[in-house]
Amino acid sequence: GDIAALLGHEPSRPLGVLGHSLGAVVAAQLAAERPELVPKLILLDPPFDPERRGDLIETVDRMRHEPAGVLEYELKRREPRMSDTYARAMANLFRTAADGAFAAVIRGEPGFPGIVAQLPNVQAPTLVVAADPALDASIGPEVAERVTASLPNGRLLTIPGAAHAIHASKPRELAQAIVRFLRE
């Protein structure tokens with residue numbers, strides 16, 4: 001609702017809507033329910049694979065109230081190429097997030113089947129970007145292919161060597177793919 005309201009009041013429309021991880025869940029739902037607001041959709045390592053539910057959310061939820069430095073260390077441990085600045089920024093975002101949002105995700109059904117069921121309603125050209133399944137990808141290759149096939153105008157890109165935080169681990173490759181997709 002909040003994102004749709006925000007986009008609905010903007011005088012110009014975005015080139016596309018991008019969501020990473022849980023943000024991809026929100027972006028996909030927005031595209032399915034309000035197609036007029038989403039000209040193109042980019043889903044970065046969406047957590048639509050119930051078999052790949054990692055412990056990141058539980059770990060972040062547990063550590064986000066710890067003293068400064070604890071969560072940042074864990075984020076960098078999981079993604080060694082993450083800069084100190086990025087780790088601090090992410091930790092600050094996690095610390096300010098509502099407790100209810102974490103609780104809802106932790107208690108929710110793995111793989112977000114309700115959102116996945118809405119994907120055939122997404123009209124926008126959609127780029128699904130998967131992290132390397134040998135690392136900590138939130139979506140395995142079979143589910144990524146199935147999710148992409150369910151999208152009327154979907155395409156899949158897996159970036160080798162990319163961790164779940166694709167934008168932190170392979171920023172150049174991701175930026176090039178996004179620019180190409182938006183220019184089409």
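Everything discussed here concerns the structure shown above.
Predicted, not measured: the structure shown is a model, and the values here were computed from it.

Draft legend 1. Representation of the nonpolar core. Judged by nonpolar contacts, the single largest core of 24 residues is most densely connected at Val38, Leu41, Leu43, Phe48, Leu119, Val122 and Ile139. The set of elements that each furnish at least two residues to this core consists of helix H2 (22-33), strand S2 (41-44), strand S3 (126-130) and helix H8 (141-150). Counting residues per element, this core draws most heavily on H2, which supplies seven residues. Val60, Leu75, Ala87 and Phe94 belong to the second largest nonpolar core, which has 13 residues in total.

Draft legend 2. Highlighting unusual backbone geometry. For Ser21, which is not a glycine, the phi torsion comes out positive at approximately 55°. Within the secondary structure, Ser21 sits in the loop between strand S1 (17-20) and H2. Within the chain, Phe112 stands out as a residue other than glycine whose phi angle is a positive 50°. Position of Phe112 among the secondary structure elements: in the loop between helix H6 (99-107) and helix H7 (113-116). Here Phe112 falls in the partly exposed class, since its relative accessible area comes to 23%.

Draft legend 3. Just the layout of surface pockets, in detail. Taken as a whole, the largest pocket spans an internal volume of roughly 960 Å³. If you go around the largest pocket, you meet 39 residues; those closest to its centre are Ser21, Leu22, Leu56, Ile57 and His164. When residues of the lining of the largest pocket are traced back to their parent elements, those giving at least two are H2, helix H3 (56-63), helix H4 (70-78), helix H5 (84-96) and H6. Ranked by residues supplied to the lining of the largest pocket, first place goes to H5 with five residues. Tallied by class, residues from the lining of the largest pocket come to 20 nonpolar, ten polar and nine charged.

Draft legend 4. Broad picture of the pairing of S3. Where burial is concerned, most of S3 is hidden: five out of the five residues are buried. The side-chain alternation of S3 yields two buried faces, one formed by Thr126, Val128 and Ala130 and the other by Leu127 and Val129. Examined bridge by bridge, S2 and S3 share four bridges and lie parallel to one another. When the bridges of S3 are listed, Ile42 appears paired with Leu127. The sheet contact formed by S3 and strand S4 (residues 154-158) spans five bridges and is parallel. From the neighbouring strand, Leu127 faces S4, where its bridge partner is Arg155. Traced from S3 through H8 to S4, the parallel crossover comes out right-handed.

Draft legend 5. Here's a closer look at the packing of H3 against H4. As a packed pair, H3 and H4 sit with axes 9 Å apart at the nearest point and diverge in direction by 160°. In terms of orientation, H3 lies roughly antiparallel with respect to H4. Classified by chirality, the crossing of H4 by H3 is right-handed. Two secondary-structure elements touch here, H3 through Leu56, Thr59, Val60 and Met63 and H4 through Val70, Leu71, Glu74, Leu75 and Arg78. A class-by-class count of the residues in the contact of H3 with H4 yields six nonpolar, one polar and two charged.

Rules and cut-offs
Residues numbered from 1 in each chain as written. Predicted model: local features only at pLDDT ≥ 70, side-chain atom pairs only at ≥ 80, totals over all residues. Heavy atoms only, no water. Core = buried A, V, L, I, M, F, W, Y, C linked by side-chain atoms within 4.5 Å. Buried < 20%, exposed > 50% of the residue type's maximum accessible area, 1.4 Å probe, protein only. Helix = DSSP H or I, 4+ residues; strand = E, 2+ residues; numbered from the N terminus. 1 Å grid on protein atoms, 1.4 Å probe; cavity = no way out; pocket = protein on both sides within 12 Å on 5 of 7 lines; lining within 4 Å. Points joined across faces, edges and corners; volume = space filled by probe spheres on them. Nonpolar A, V, L, I, M, F, W, Y, C, P; charged D, E, K, R; others polar. Pairing = 2+ DSSP bridges. Right-handed = clockwise from strand over helix to strand, strands pointing away. Axes fitted to C-alpha atoms, helices over the stretch in contact; angles between N-to-C directions. Parallel < 35°, antiparallel > 145°, perpendicular 65-115°, else oblique. Left-handed = near helix turned anticlockwise from the far one by under 90°. Contact = heavy atoms within 4.5 Å.

Geometric values such as these leave the question of function open.
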